[in-house]
Amino acid sequence: MSTQYADFNAQTLKGLRHLYHGELADRSARYTCIEGSYPDELSGYAFTTVFSYESVTQKEQINANPHMLSAPGRVLKINFQPLYAKDGTPYFEVSTHTIGNAAWHLRKLAPNAFVRSHFAEFSWFGTSDLSNTTATPIFPIPSHDGKQGVRLLLSYDAGRPGEVSPSDLNYLNPIGRNQDYHAAVGSSFKPMIMTTGHPAYDPEFAPEQPLLFFTHLVPRIASFFRTNQPITADLYLMTWDGTVSNPTTPMQVIFDGKPVILEQASAHQMCVTRNYVLIFNACLVLSAGSLIEPVIQIVFVWLCQIFQGRTPRLIKDIYEKLCTRLAAAIPSPHCQLYILSKEDIRQAIASSSKQVNVQRMIDIPWELTHAIADYDDSGNLITVFCQHNVGADPAQHMETADVLMDGTVVLEDLVGLFSGATDLNQVRKHVIDMNTGQLNTTAFPQPDDLENFPYGLNLLPPMQILPYRSRPTNYDLLSAVEHWDATYWVSGGWIPQIMSMRVFDIFRNQRCRQDYPSERLVPEAEYLQQIENSNNTVRFFRLDRNLCLESAYIFEPGYFMAAPIFVPRQDSMSVYDGWLVGQVWVPHQPHMEIWVWDASRPLHLGPICKLGPSPGERGLRPGFPLHSSWLDCDGVKHWQYPDYKVPIVEIPTYLKIFELANMASGFISRLVQQSFS
């Protein structure tokens, strides 16, 4: 091992641990400008969902090979308005908040009843709604003085969307009652209700009528019995107008006269344009093996304890054969994009229809994880910019005893973290002609582009802009930024500590068969040779509209950065007009820092300022950041409790009757006992 590689490996491990590990207790910290000059115009609030090793593997629960995405909902909030200490020193408040939804309350009452597994959590109360994916600004809400606040939504692929307060992040209520959905798995308290991780909010669905779109999936039961294959699901669309009414009845999505059955049960990503709603069959594969194998693991460990480690050979053989049989499924190397017309949706809502038709289905090559879209679709052209994690699946994570590509074993405190990609990742721009169905694609980087190859290593989600109401009230960023004149991305670089041979084998066995054309962008041997370079560090980069590399900031080894947050200047109409805020972890500091770039300048010039803990203050360790959103000051300041209310925990009538009968029987029994005593 060379000295250069040893130093790179050590720095990367330090930074990775700081990124993934965090505190369980919520708290706030004072941050101050530690370098550069803080821009006076920078304002508002950022909200980021965060995950830490400590929250994934809580000791009070049963942990069956948990995935990072099975962590309870937690949000990092950054206040960009300076506050002032008693001595007049300015500081910025940064805080973490655990989301107190139904699962949180039940988990507090009976933590031992919960089993955390892969990217789901189960208990005797049903399937947990973790509210841990995306914070989305929705629906302006008028305050008493005529000003407008903004409501805030948290989503989760295996649960109902839920509303939280943007001021203190208290959980208010889920959207819709249990009976408003088709449960994937039934339960008296918490049925599994599958929706979308990235719902689409449209501020201009109709004049003075914004609307929230989200998908609803119902798994096909027969697909649970297919080993090593993704679970399939029927696709439904739901909408909500933000009033006291519940969401619309699920509308089954129809294509060519038949119900759409997703070949992999994930509609993780949605986007909206002026005239269309886009639903991506994204890469987040759920399989029978991922659900059953952890349960088998629990049973096997229990049997080992019974036999005091001398487990009979037959039980071991059965366990090994079952685990092999239930090997993880890999995602399809393409993504179906279902495009629905808003006009069709308007008519379906008006007629209370239980169906809505697909206007076009586009088959996009290679796995797709996240996407952003131009709001403008003039000329009937739809433009989307997509994160293609080729040879990777967010459902795959580091498991205990995983052997890495260098022959070492994964460190236990990195278990649950996303596994590294096994092929080159790409940003792709797809232009779809809705008149002809033609797809025109541009990609970055190309497989033979060795100079830009590092930008395709472990690609993270893109910077996204989410709708919000700002001053004046008829201005909305989503519709104001008609086109993405540039897009912003982060490449995670080469991370040896999460390169699992097991994950490479999963993709290798399925995609490099002799009777089958190799489904890779870069041959595996060549890919492995190219990534093993200590210059392949984290890169924050900007692509112009044609996906040419415009500028990039290249971090030193061991530095990690989350997907950036865009904070617009007043009345901004371009993603060059504002600031780019990144949460950054450095190997020699255990806490998170906050770096700010001026979007009007080339990124390689570096941040214009950095925020770190104030003197004597302990910085925050929030955990791994996933998705972020931004709200302006007025949106938070003028927020008020909405009129919409739904019980956080619903008690079925039959359980109420049963408990009433149980109480009555106890009363009568005691009466009889005392009468004859």
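Residues numbered from 1 in each chain as written. Predicted model: local features only at pLDDT ≥ 70, side-chain atom pairs only at ≥ 80, totals over all residues. Heavy atoms only, no water.

A.B. asks: Explain helix H3 (residues 102-109) to me, please; I cannot follow it from the model alone.
C.D. replies: Along an α-helix, a turn takes 3.6 residues, which lines up residues three or four apart on a common side. Within the span of H3, buried status applies to Ala102, Ala103, Leu106 and Arg107. Take H3 and look down its axis: the buried residues cluster within an arc of 125°, on one side only. Residues of H3 that are exposed and angled more than 90 degrees away from the buried face: Lys108 and Leu109. (Buried < 20%, exposed > 50% of the residue type's maximum accessible area, 1.4 Å probe, protein only. Helix = DSSP H or I, 4+ residues; strand = E, 2+ residues; numbered from the N terminus. Arc of directions from axis to C-beta.)

A.B. asks: Before we go on, may I ask you to explain the sheet that holds strand E11 (residues 148-154) in this structure?
C.D. replies: Strand pairing in a sheet is mediated by backbone hydrogen bonds. Such pairs are either parallel or antiparallel. As summarised here, the arrangement of the four strands in space is E10-E11-E12-E13, forming an open sheet in which the pairing is antiparallel. Only two strands of the sheet have a single neighbouring strand rather than two, namely strand E10 (135-142) and strand E13 (171-174). With direction set aside, neighbouring strand axes in the sheet form an average angle of 30°. The pairing of E10 with E11 spans seven bridges and is antiparallel. Opposite Pro142, over in E11, you have Gln148 as the bridge partner. (Pairing = 2+ DSSP bridges. Axes fitted to C-alpha atoms, helices over the stretch in contact; angles between N-to-C directions.)

A.B. asks: Can you help me understand the nonpolar core in this one?
C.D. replies: The nonpolar side chains of soluble globular proteins are, as a tendency, buried together. Ranked by size, the top nonpolar core spans 114 residues in total, and within it Phe213, Leu237, Phe540 and Phe555 carry the most contacts. Setting aside chain neighbours within four positions, we find Leu237 in contact with Phe213, Phe214, Thr249, Pro250, Met251, Val253, Met270, Ile279, Leu340, Ile345 and Val356. (Core = buried A, V, L, I, M, F, W, Y, C linked by side-chain atoms within 4.5 Å. Contact = heavy atoms within 4.5 Å.)

A.B. asks: Can you help me understand the pairing of strand E21 (residues 276-280) in this one?
C.D. replies: If a strand is regular, its side chains alternate between the two faces of the sheet. The element E21 is largely enclosed, with a buried count of five among its five residues. Along E21, one buried face is formed by Tyr276, Leu278 and Phe280 and the opposite face, lined by Val277 and Ile279, is buried too. Relative to E21, strand E20 (residues 269-272) runs antiparallel, the two being bridged by four bridges. Of the residues in E21, the one forming a bridge with Met270 is Ile279. From the end of E20 to the start of E21, which pair antiparallel, there are three residues. Pairing between E21 and strand E22 (residues 334-341): five bridges, direction antiparallel. Bridge assignment links Tyr276 to a residue of E22, and that residue is Ser341.

A.B. asks: Can you walk me through the pattern of salt bridges in this structure?
C.D. replies: Where charged atoms of side chains with opposite charge meet at close range, the side chains can pair. As enumerated under the stated definition, the model contains 22 salt bridges in all. Its salt-bridge partner being Arg569, residue Asp598 comes within 3.5 Å of it at the nearest N-O pair. Placement of the pair is Asp598 in strand E37 (residues 592-598) and Arg569 in the loop between strand E35 (565-568) and strand E36 (578-585), with a sequence separation of 29 residues. We note that Asp598, like Arg569, is buried. Where salt bridges share partners, they join Glu23, Arg27 and Arg618 into one cluster. (Salt bridge = Lys/Arg side-chain N within 4 Å of Asp/Glu carboxyl O.)

A.B. asks: I would appreciate a short explanation of the sheet that holds strand E8 (residues 120-123) in the present structure.
C.D. replies: Across the sheet, four strands lie side by side as E3-E7-E8-E9; this open sheet has mixed pairing. Every interior strand has two partners, whereas the edge strands, strand E3 (62-66) and strand E9 (126-127), have only one. Pairing of E3 with strand E7 (residues 114-118), which is carried by four bridges, proceeds in the parallel orientation. Bridge pairing links Ala64 to Ser117 in E7.

A.B. asks: Sorry if this is basic, but what is going on with helix H8 (residues 501-511) here?
C.D. replies: Of all the residues in H8, the buried ones are Val503, Phe504, Ile506, Phe507 and Arg511. With its buried residues spanning 155° around the axis, H8 presents them on a single face. Elements that come into contact with the buried residues of H8 comprise helix H9 (524-531). Capping the start of H8 is the job of one residue whose side-chain oxygen sits 3.2 Å from the backbone nitrogen of Arg502: Ser500. (Polar contact = N/O pair within 3.5 Å; in protein donor to acceptor, adjacent residues only side chain to side chain.)

A.B. asks: For this particular structure, what's the right way to read the side chain of Arg539?
C.D. replies: Tracing the chain through its elements places Arg539 in strand E32 (residues 539-544). Lacking a salt bridge, the buried Arg539 has Glu451 as its closest oppositely charged neighbour, with an N-O distance of 8.2 Å. A polar side-chain atom of Arg539 sits 3.5 Å from a polar atom in the side chain of Tyr455. When residues no more than four places from it in sequence are discounted, the contact partners of Arg539 are Pro454, Tyr455, Trp489, Val490, Ser491, Tyr553 and Ile554. (Lys, Arg positive; Asp, Glu negative; His and termini not counted.)

Function cannot be inferred from these measures alone, as they are strictly geometric.
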